[in-house]
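# Survey of secondary and tertiary structure
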Amino acid sequence: MIGFVECEYRIFQTHSLKEKRAVLKRTLTRLKQKFNVSAAEVEHQDLWQLTKIAIVTVSTSQKSAERELDYALKFLDSFPEWERVKTNFEWL
């Protein structure tokens, strides 16, 4: 089972693309180290206060894939630098 989630975040306290990339790099690196997921910014690369991140995991069941993605989202939501504004799950 492949679990895929796209989430859009509004980033606070960034005033340039350089600051945004620093936040994203630090956060996505920690996410990939901590969980069995792959993640990347997939939209809004030219906007400095908005990002869309795609997270993917592969598992033997939908339940375990969903659990891994939920843990990853909770981890991302724990950062005070941003706020999740949209979330879209898909299962393949």
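Note: the structure precedes this text.
## Brief notes about the pairing of strand S2 (residues 38-43)
- With five bridges joining them, S2 and strand S3 (residues 50-58) adopt antiparallel strand pairing. Looking at S3, one finds that glutamate 41 is bridged to isoleucine 53.
- Here S2 folds back onto S3 in antiparallel fashion, the turn holding six residues, of which histidine 44 has a positive phi close to 65 degrees.

## Structural notes on unusual backbone geometry
- Phi at glutamine 13 takes a positive value of approximately 60 degrees, unusual for a residue other than glycine.
- Mapped onto the elements, glutamine 13 comes out in the loop between strand S1 (2-11) and helix H1 (17-34).
- Residue glutamine 13 is classed as exposed on the basis of its relative accessible area of 66%.
- For histidine 44, which is not glycine, the phi torsion reads 65 degrees and is therefore positive.
- Of note, histidine 44 is situated in the loop between S2 and S3.

What counts, and at which threshold
- Residues numbered from 1 in each chain as written.
- Predicted model: local features only at pLDDT ≥ 70, side-chain atom pairs only at ≥ 80, totals over all residues.
- Heavy atoms only, no water.
- Pairing = 2+ DSSP bridges.
- Helix = DSSP H or I, 4+ residues; strand = E, 2+ residues; numbered from the N terminus.
- Buried < 20%, exposed > 50% of the residue type's maximum accessible area, 1.4 Å probe, protein only.

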